[in-house]
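Below are the chains, spelled out letter by letter.
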Amino acid sequence: MSESSGPGNFIRTIIDEDLAAGRTAGRVVTRFPPEPNGYLHIGHAKSICLNFGLAQDYGGVCNLRFDDTNPLTEEHEYVASIEQDVRWLGFDWGERRFHASDYFERLYEFAVRLIGKGSAFVCDLSHDEVRDARGTLTRPGRPSPYRDRPVQENLALFARMRAGDFPDGSRTLRARIDMASPNLNLRDPVIYRIRRAPHYRTGDAWCIYPSYDWAHGQSDYIEGVTHSICTLEFQDHRPLYEWFLEQLDAQPRPRQIEFARLNLAYAVMSKRLLQQLVRERVVSGWDDPRMPTLSGLRRRGVTPEAIRQFCAGIGVAKADSLVDMGFLESCIRKDLEPATPRVMCVHDPLRVVLTNWPQDRVLELEAPYFPDESGRQGTRLVPLSRELFIEREDFMEDPPKGFFRLSPGGEVRLRRAYVIRCDEVLKDAAGTPVELRCSVDLETLNAAPVGRKVRGIIHWVSARHALPAQVRLYDRLFAVPNPTGDKEGDFKRHLNPDALQVLAGAMAEPSLAAARPGERYQFERKGFYFVDPLDAAPGKPVFNRIVTLRDTWARLQDQQGPPGA
RNA sequence: UGGGGCGUAGCCAAGCGGUAAGGCAGCGGGUUUUGAUCCCGUCAUUCCUAGGUUCGAAUCCUAGCGCCCCAGCCA
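Not measured: the values here are computed from a predicted model. (Residues numbered from 1 in each chain as written. Chains lettered and ligands numbered in written order. Predicted model: local features only at pLDDT ≥ 70, side-chain atom pairs only at ≥ 80, totals over all residues. Heavy atoms only, no water.)

Visitor: I'd like to hear about the overall build of chain A, residue by residue, with values.
Guide: Scanning chain A for helices and strands turns up 13 helices and 27 strands. For 565 residues, the compact-globule formula gives about 24 Å, and the C-alpha radius of gyration of chain A, at 31 Å, lies well above that figure. C-alpha atoms of chain A, sized along the principal axes, occupy 100 × 50 × 45 Å. When each of the 565 residues of chain A is scored for burial, the buried share is 53%. Nonlocal contacts in chain A, meaning residues at least 24 apart in sequence, comprise 72% of its contacts between residues at least 6 apart. (Helix = DSSP H or I, 4+ residues; strand = E, 2+ residues; numbered from the N terminus. Rg over C-alpha atoms; globule rule 2.2 N^0.38 Å. Buried < 20%, exposed > 50% of the residue type's maximum accessible area, 1.4 Å probe, protein only. Contact = heavy atoms within 4.5 Å.)

This is how it looks when you write it as structure tokens:
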């Protein structure tokens, strides 16, 4: 069993069988094959954890291989981000960083062998003609008129394709398989196309580029990959994958295994759509904390450990699924809960005046960073003075049954401080409370009030000492579980307008002036927060909400219907 | 109407002919100076449906039904 790829899944079963049958000489070699045309997202994390996790567990290796066969869309910027993300997630490919483009020469030689066997031919059909001849799902295709070109002629033409004798798109090299196959992938698929585009690694060394189907399996073979794990949409390609290997008498042969890609509720997981959000400035970038990208999750403050636990927890199978966002949140909380220091920050301040507290008195309370029962050490000083801020939602003039925070005449405990009673409510012209006049029970510091029970505990911050802070509340990017579910219509109309809420007047306890970029805190009763590594300045922290705390009260309220509705 | 896959709880997911793991969510209770955490308990007489084989079926067979993928010189 492993942390990263989970217990018994069907892929492990296959590997166990292969090992038992001696099919791979005891070796397990996997690979993670991103195309450097976008940023990695949590769906890729599933694949990374699977591939690297399997290699770890079976004492094998996992290659990082850039599947860079399409120079039009690939850029170095992406390979840098991909490497950073994989490393951040906690995996190490050692020296085993490869590129499909490393194999261009060998791939070319392989293609020559295919031609030599009469298994590939140069086709002069145009793009449209190829499409027309391919047939449909229910009707077989027609053979290309160039299908029976003599081997020598194919060889000469292919060499000239490489030499740049023909214009882009004018010719292709095609495998010679079966135009009547019910599997469209076997209807003489294109394996080389002419494309005069500079490649980010090979520059203008090539004007022909191999297709995915041709490059991928052969790259697996070259690298000695034993188990080539990909997503479900490639199942139909497996016969082609195997056909190529067979044509080349490849030995030993890698085996392709497909699993279901990750879908996360209230998110989109397609590079194309994520790219669109970035390009159209719907989000601030690939690392916008609302994005399901690894860079976005990192910027939000999610830990790699939480993502690994998530990937281990969702399992690996072949059934399409839509994983509950709540599960990711649960993994994040679980990872953050034990070791994240607790502090106080009021998001929406309501002024409280402690009428029986001397004007100038400041009491420095030594407050532990962790729950008393956790056994963890560490404290900070929290000043208490006559005027405070409390959370506006922690006061209700006319509270529903079961509300045990503050209300007129009611009592509540200030977290790690005294019990106070609300004696008077001051309101503005619109009737909105602007200030609460409260009295302190001076007997209640570290002691229970006598003769009554005070159930509620609220967080607070001394007004005079409060540190204004920017707090960014993040929520799910989309308002519906499956934004791309309906075929028609723009997925962007399902965007959640409240996915980002920037708090204007949040007030943090003064100890947070020392918060350093990249640190995580729990704001008690609120959630876990991350000091934004880019936007925070010394003494001016910016907090990203990573995830809220579980909130049983809010849930009960929701069940009762929204208040005032 | 072609081919390839997949259907086990609200969401994931084990299970591989011997009588339905686990996690998330939910529900009930306990502890608690975070309505958090933690702890205890509960949550599928049934596995898409219908037949069949078998002493015994989620697992095997047959027939349906539903969902996903494939007609890029993308990956």
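Visitor: Provide a residue-level description of the domain arrangement of chain A, including the pertinent values.
Guide: According to the domain assignment, chain A consists of domain 1 (10-264) and domain 2 (348-362 + 379-462). A separation of 66 Å is found between the C-alpha centroids of domain 1 and domain 2. (Domains from an automatic or database assignment.)

Visitor: Residues and numbers for the protein's contact with RNA strand B, please.
Guide: RNA strand B sits among 70 residues. The nearest are Arg 195, Arg 342, Arg 405, Arg 415 and Gln 522. What you see for RNA strand B is that sugar and phosphate hold 64% of its atoms within 4 Å of the protein. Here Phe 404 contributes a backbone N or O atom positioned 3.0 Å from a base oxygen of RNA strand B. Taken together, the elements giving at least two residues each to the surface near RNA strand B come down to helix 5 (127-133), strand 6 (190-194), helix 12 (325-336) and helix 13 (552-559). Classifying every residue of the surface near RNA strand B gives 23 nonpolar, 22 polar and 25 charged. (Near = heavy atom within 4 Å. Polar contact = N/O pair within 3.5 Å; in protein donor to acceptor, adjacent residues only side chain to side chain. Nonpolar A, V, L, I, M, F, W, Y, C, P; charged D, E, K, R; others polar.)

Visitor: Requested: an account of the packing of aromatic side chains, with residues and values cited.
Guide: This structure, assessed with the given rule, holds 18 aromatic pairs. Plain terms: the ring middles of Phe 478 and Phe 491 are 5.9 Å apart, the flat faces sit at 40° to each other, and that makes the pair tilted. Placement of the pair is Phe 478 in the loop between strand 22 (470-474) and strand 23 (500-503) and Phe 491 in the loop between strand 22 and strand 23, with a sequence separation of 13 residues. Here Phe 478 matches Phe 491 in class, with each residue buried. Each residue in the set Phe 104, Tyr 108, Phe 158, Tyr 192, Trp 206 and Tyr 209 is aromatic and connected to the rest through ring pairs, giving one cluster. Sitting over the ring of Trp 88, Arg 298 keeps its end group 5.2 Å from the ring centre. (Phe/Tyr/Trp six-rings, centres within 6.5 Å; stacked < 30°, edge-to-face > 60°. Lys NZ or Arg CZ within 6 Å of the ring centre and 35° of its normal.)

Visitor: Please provide a residue-by-residue account of the side chain of Arg 299, values included.
Guide: Along the chain, the position of Arg 299 falls in helix 10 (residues 294-300). Its relative accessible area of 11% is what places Arg 299 among the buried residues. A polar atom in the side chain of Arg 299 sits 2.9 Å from the side chain of Asp 532. Setting aside residues up to four positions removed in sequence, Arg 299 forms contacts with Asp 287, Pro 289, Arg 472, Phe 530, Asp 532, Pro 533, Leu 534, Asp 535 and Asn 544.

Visitor: An account of the sheet that holds strand 15 (residues 387-391) is requested, with residue identities and associated values reported.
Guide: Strands pair in a sheet through their backbones, by hydrogen bonds, and they do so in one of two ways: parallel or antiparallel. Taken in spatial order, the seven strands of this open sheet run 19-16-17-18-12-15-20, and their pairing is mixed. Edge positions in the sheet fall to strand 19 (457-458) and strand 20 (460-462), since each of these pairs with one other strand and no more. Two elements, strand 16 (residues 411-414) and strand 19, share two bridges in a ladder whose sense is parallel. Following the sheet pairing, Leu 414 is matched in strand 19 by Ile 458. (Pairing = 2+ DSSP bridges.)

Visitor: Can you explain the sheet that holds strand 22? Please cite residues and give values.
Guide: Across the sheet, six strands lie side by side as 10-25-26-27-22-23; this open sheet has mixed pairing. Here the strands that pair on one side only, and so sit at the sheet edges, are strand 10 (342-343) and strand 23. Alignment of strand 26 (residues 527-531) against strand 27 (residues 542-548), held across five bridges, turns out to be antiparallel. Bridged to Phe 528 within strand 27 is Val 547.

Visitor: Quick rundown of unusual backbone geometry? Include the residues and the values.
Guide: Residue Gln 251 is joined to Pro 252 through a cis peptide bond whose omega torsion reads -5°. Along the chain, the position of Pro 252 falls in the loop between helix 8 (238-247) and strand 9 (255-259). If you check the backbone angles, Asp 249 has positive phi at about 50° while not being a glycine. Of note, Asp 249 is situated in the loop between helix 8 and strand 9. Asp 249 gets classed as exposed once you look at its relative accessible area, which sits at 58%. Phi is positive for Asn 446, close to 55°, though the residue is something other than glycine.

Visitor: An account of the nonpolar core is needed here, citing residue identities and associated values.
Guide: Residues Ile 42, Val 86, Leu 264, Ile 307 and Phe 310 are the most contacted members of the largest nonpolar core, which totals 39 residues. It is helix 2 (residues 42-57) that provides the largest number of residues to this core, a total of six residues. Setting aside residues up to four positions removed in sequence, Val 86 forms contacts with Phe 32, Leu 40, Ile 48, Phe 52, Phe 91 and Trp 93. Core analysis: the next-biggest nonpolar cluster, separate from the first, contains 32 residues, Leu 114, Ala 120, Phe 166 and Trp 214 among them. (Core = buried A, V, L, I, M, F, W, Y, C linked by side-chain atoms within 4.5 Å.)

Visitor: Before we move on, could you go through the packing of helix 4 (residues 104-116) against helix 6 (residues 151-163) and cite the residues and values that matter?
Guide: Packing of helix 4 against helix 6 brings their axes to within 9 Å, and their N-to-C directions diverge by 160°. Judged by the inter-axis angle, helix 4 sits roughly antiparallel to helix 6. The hand of the helix 4/helix 6 crossing is right-handed. In this structure, helix 4 uses Glu 105, Tyr 108, Ala 111, Val 112, Ile 115 and Gly 116 to contact helix 6, whose residues at the interface are Val 151, Asn 154, Leu 155, Phe 158, Ala 159 and Arg 162. Residues of the contact of helix 4 with helix 6, tallied by class, amount to eight nonpolar, two polar and two charged. (Axes fitted to C-alpha atoms, helices over the stretch in contact; angles between N-to-C directions. Parallel < 35°, antiparallel > 145°, perpendicular 65-115°, else oblique. Left-handed = near helix turned anticlockwise from the far one by under 90°.)

Visitor: I'd like a rundown of the pattern of salt bridges, residues and numbers included.
Guide: Pairing of side chains with opposite charge becomes possible as their charged atoms draw close. The final tally for this structure, using the stated rule, is 47 salt bridges. Salt bridges sharing partners connect three or more residues here, namely Asp 287, Arg 299, Arg 472, Asp 532 and Asp 535. (Salt bridge = Lys/Arg side-chain N within 4 Å of Asp/Glu carboxyl O.)

Visitor: Let's hear about the pairing of strand 12 (residues 349-354): which residues, and what values?
Guide: Across a regular strand the side chains alternate sides, sitting on one face of the sheet and then on the other. By the bridge criterion, five bridges tie strand 12 to strand 15 in an arrangement that is antiparallel. Counted as the bridge partner of Arg 351 is Phe 389 from strand 15. Direction of pairing for strand 12 relative to strand 18 (residues 433-441): parallel, over a ladder of four bridges. Within the sheet, the bridge partner assigned to Val 353 lies in strand 18 and is Arg 437.

Visitor: Please provide a residue-by-residue account of the environment of Trp 460, values included.
Guide: By the element assignment, Trp 460 lies in strand 20. Along the primary structure Trp 460 and Glu 524 are separated by 64 residues, whereas in three dimensions their C-alpha atoms are 9.8 Å apart. Non-local contacts of Trp 460, meaning those with residues more than four positions away in its chain, are made with Met 344, Val 346, Leu 365, Val 382, Pro 383, Leu 384, Leu 388, Phe 389, Ile 390, Leu 414, Arg 415 and Ala 417.

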